[in-house]
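Commentary on secondary and tertiary structure
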Amino acid sequence: LDRERATPAEAPPDCFLLALDHLQLKPNERQLLQDIAQRAALPEPAAMLLSPENLMSAYERATSDAGRSIPRRNLNAICETLFGAALPAAKTSPHNNEPTTDIPAKPDAV
C-alpha cells in the first residue's frame, strides 16, 4: 500500500520580522529591536511595536537583569520614528521600586 506521506505543517509567519521588514528600519535599529525582543523573552515580540508603552515595557523587561545595558537614547530615537513620540517614563512598582512590565514572558519550554 502506498500511503501519502504527511507533509509537515507550514510554520506560521514571524510577524515580528515581517513588521521589521515593513518598517524599513536601519540595520542597527532593527538589531536593537531584535536584541530587546530576545532579551525580554516576549511571547509575541511584534506586540512591542504597537505602542510606545509596549516598547517601553519590553525595554524594561530586557534591561531588568544586572549587566543588560541597552542605551535608552537609541530606543527613544526609534520610538520617535515609529510613533512620533518619545518613550514614556519608566514604570516602577510602588512596593519594591523595581521596573514593572505589562507583556508576559514566554512560558518555559516543556
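Points about the overall build of the protein chain
If you tally the helices and strands in the protein chain, you get 4 helices and 0 strands. Along the protein chain, helices (α) and strands (β) appear in the sequence α-α-α-α when read from the amino end. Considering the protein chain as a whole, with its 110 residues, one finds that 27% of them fall into the buried category. When the accessible surface of the protein chain is split by element, carbon and sulfur atoms take 51% of a total near 7,800 Å².

What about the environment of Arg72?
Among the secondary structure elements, Arg72 is positioned in helix H4 (residues 72-83). Residues within four places of Arg72 in sequence aside, it is in contact with Met56, Tyr59, Leu87, Pro88, Ala89 and Ala90.

Thoughts on the pattern of salt bridges
This structure, assessed with the given rule, holds 1 salt bridge. We note a salt bridge from Asp21 to Arg30, for which the minimum N-O separation is 2.6 Å. The exposure class of Asp21 is partly exposed, given its relative accessible area of 43%. For Arg30, a relative accessible area of 22% puts it in the partly exposed group.

Points about the confidence of the model for the protein chain
Per-residue confidence for the protein chain gives a mean pLDDT of 80; residues scoring 70 or more make up 72%. Throughout residues 93-106 the model reports pLDDT below 50, and contacts reaching past four residues in sequence, or to other chains, amount to 32 contacts.

Quick notes on the packing of helix H2 (residues 27-40) against helix H3 (residues 52-62)
Two numbers describe how H2 lies on H3: the axes approach to 8 Å, and their chain directions differ by 60 degrees. When the axes of H2 and H3 are compared, the crossing they make is left-handed. Facing Leu33, Ile36, Arg39 and Ala40 of H2, the residues of H3 in contact are Leu55, Ala58, Tyr59, Arg61 and Ala62. Of the residues contributing to the contact of H2 with H3, the split by class is 7 nonpolar, no polar and 2 charged.

About the criteria used
- Residues numbered from 1 in each chain as written.
- Predicted model: local features only at pLDDT ≥ 70, side-chain atom pairs only at ≥ 80, totals over all residues.
- Heavy atoms only, no water.
- Helix = DSSP H or I, 4+ residues; strand = E, 2+ residues; numbered from the N terminus.
- Buried < 20%, exposed > 50% of the residue type's maximum accessible area, 1.4 Å probe, protein only.
- Areas by Shrake-Rupley, 256 points an atom, 1.4 Å probe, with all protein chains shown as cover.
- Contact = heavy atoms within 4.5 Å.
- Salt bridge = Lys/Arg side-chain N within 4 Å of Asp/Glu carboxyl O.
- pLDDT = per-residue confidence, 0-100.
- Axes fitted to C-alpha atoms, helices over the stretch in contact; angles between N-to-C directions.
- Left-handed = near helix turned anticlockwise from the far one by under 90°.
- Nonpolar A, V, L, I, M, F, W, Y, C, P; charged D, E, K, R; others polar.

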